[in-house]
Amino acid sequence: MAHQARKRFGQNFLHDQNIINNIIGSAMIRDGENWVEIGAGQGALTEPLLKKVQHLDVVELDRDLVTWLEHKFSSYTNLKIYSADALRFDFSSLAPNGEKLHVIGNLPYNISTPLMFHLLETTDCIADMLFMLQKEVVNRICAQPNGNSYGRLSVMMQYYCATEWLFDVPPESFNPVPQVMSAIVRLVPHSKPPVEVDDVKILGQVVTEAFSQRRKTLRNSLKKSLSENEIIDLGIDANLRAENISLEEFAKLANAVSRKPIID
Ligand code: SAH
């Protein structure tokens with residue numbers, strides 16, 4: 001096919017058959033499941049998926065590729081292609097009867113983080129997600145406290161999902177060859193959050209505040225939201241930095257903020 005890969009759409013097409021097989025194997029597809037692929041490109045994952053899944057919905061932004069995919073896979077009756085921007089797509093519309101979707105995609109790296117957060121807004125209808133991302137982003141998603149990779153993305157993703165790095169994918173597996181290493185991550189939304197949070201928005205705010213000045217102690221970075229004593233009262237050392245704080249502790253900090261009486 002004479003499709004010129006478009007940089008603005010984050011197009012890096014997978015061509016390594018072993019990697020493709022490993023991804024499809026990791027998807028653990030079972031009978032009767034509904035799958036959604038984001039960014040099908042030239043169908044590297046679409047084709048093996050179509051052979052295994054009961055139903056596949058594809059969301060692809062590039063209209064030329066949509067036309068090409070429709071033609072290439074016209075003989076499959078289990079495929080529906082949506083010519084749409086995944087960032088604005090209502091994924092819950094694909095799961096009308098309370099069924100759960102299995103989402104898969106070699107995501108365009110420039111939109112991967114906002115896209116994951118967009119999907120997390122509809123976690124109720126998502127069984128699991130298998131994504132190819134920049135390795136550095138996978139490291140951040142799966143990171144535990146006390147390391148450089150640990151940050152806002154780790155805390156928020158782990159609030160919503162169990163996260164699991166599966167394997168790395170080298171640049172040569174793609175065409176064109178990207179400049180960075182990639183990795184496959186599995187995200188499984190928790191049926192019940194691992195910690196109790198009164199207001200997720202406030203959790204997000206507190207986490208952002210704490211990490212916006214990574215090098216500062218909580219006493220300083222959270223100054224606008226909580227006093228040193230209020231932090232200490234939660235049993236948290238105010239001299240620690242954001243990167244030392246677990247999800248459970250962030251939940252305590254956020255709940256303290258949301259439970260504070262509003263004083264004018
Ligand atoms: N899955 C294919 C293609 C990966 S490249 C493969 O593994 O080879 C990423 C794909 O996502 C491209 O096809 C690109 O056009 C598409 N894409 C980019 N931005 C998108 C968006 N906002 N919504 C849906 N698809 C998008």
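Keep in mind that what you see is a predicted model, and the values were worked out from it rather than measured.

Draft legend 1. Highlighting the packing of helix α7 (residues 200–212) against helix α10 (residues 247–258). Running from N to C, α7 and α10 cross one another at 115°; their axes reach a closest spacing of 9 Å. The angle between α7 and α10 falls in the class roughly perpendicular. Viewed along their axes, α7 and α10 form a crossing whose handedness is right-handed. Listed contacts from α10 to Ile 202, Leu 203, Val 206, Val 207, Ala 210 and Phe 211 of α7 are Phe 250, Ala 251, Leu 253, Ala 254, Val 257 and Ser 258. Considering only residue class, the contact of α7 with α10 consists of 11 nonpolar, 1 polar and no charged.

Draft legend 2. Structural view of the environment of Phe 13. When you line up the elements, Phe 13 lands in strand β1 (residues 13–14). Sequence spacing of Phe 13 and Phe 174 is 161 residues, and the spatial spacing of their C-alpha atoms is 5.1 Å. In this view, Phe 13 contacts His 3, Ala 5, Gly 41, Gln 42, Leu 65, Ser 173, Phe 174 and Asn 175; residues no more than four positions away in its chain are not counted.

Draft legend 3. Spatial organisation of the domain arrangement of the protein chain. By domain assignment, the protein chain separates into domain 1 (7–189) and domain 2 (200–258). A straight line from the C-alpha centre of domain 1 to that of domain 2 covers 32 Å. Taken residue by residue, the interface counts 12 residues in domain 1 and 14 residues in domain 2. Together domain 1 and domain 2 conceal approximately 1,000 Å² of surface at their shared face, both sides included; 64% is due to carbon and sulfur atoms. Of all residues in domain 1, Tyr 150, Arg 152 and Val 155 give up the largest surface area on contact with domain 2, accounting jointly for 42% of the area buried on that side. Linking domain 1 with domain 2 are 0 salt bridges. There are 6 residue pairs in polar contact (both at pLDDT 80 or more) connecting domain 1 and domain 2.

Scoring rules and cut-offs
- Within any chain, residue numbers begin from 1 and follow the written order of that chain's sequence.
- For a predicted model such as this one, the threshold for reporting local features is a pLDDT of at least 70, and the threshold for listing and counting side-chain atom pairs is 80 or more; totals across whole chains, interfaces and linings nevertheless cover every residue.
- To obtain the side-chain values, all non-hydrogen atoms of the structure were used and water was disregarded.
- Working convention: axes come from line fits to C-alpha atoms, limited for helices to the stretch in contact. Angles between N-to-C directions cover 0 to 180 degrees.
- Only DSSP runs of H or I reaching four residues or more are called helices, and only runs of E reaching two or more are called strands; each is numbered from the N terminus.
- We call two directions roughly parallel when the angle between them is under 35 degrees, roughly antiparallel when it is over 145, roughly perpendicular when it lies between 65 and 115, and oblique otherwise.
- Handedness of each helix crossing follows the sense of rotation of the near helix against the far helix: counterclockwise by less than a right angle gives left-handed, clockwise gives right-handed.
- Here, two residues are considered to be in contact whenever any of their heavy atoms come within 4.5 Å of each other.
- Residues were grouped as follows: Ala, Val, Leu, Ile, Met, Phe, Trp, Tyr, Cys and Pro as nonpolar; Asp, Glu, Lys and Arg as charged; and all remaining residues, including Gly, as polar.
- The domain boundaries here were taken from an automatic or database domain assignment.
- A quick way to say it: buried area is the sum, across both parts, of accessible area lost when two parts are put together, with a 1.4 Å probe.
- Salt bridge criterion: a side-chain nitrogen from Lys or Arg within 4 Å of a carboxyl oxygen from Asp or Glu.
- Identification of polar contacts relies on pairs of N or O atoms within 3.5 Å, with a donor-acceptor requirement for protein atoms, meaning one able to donate a hydrogen and the other able to accept it, and with residues adjacent in sequence counted only if both atoms are side-chain atoms.

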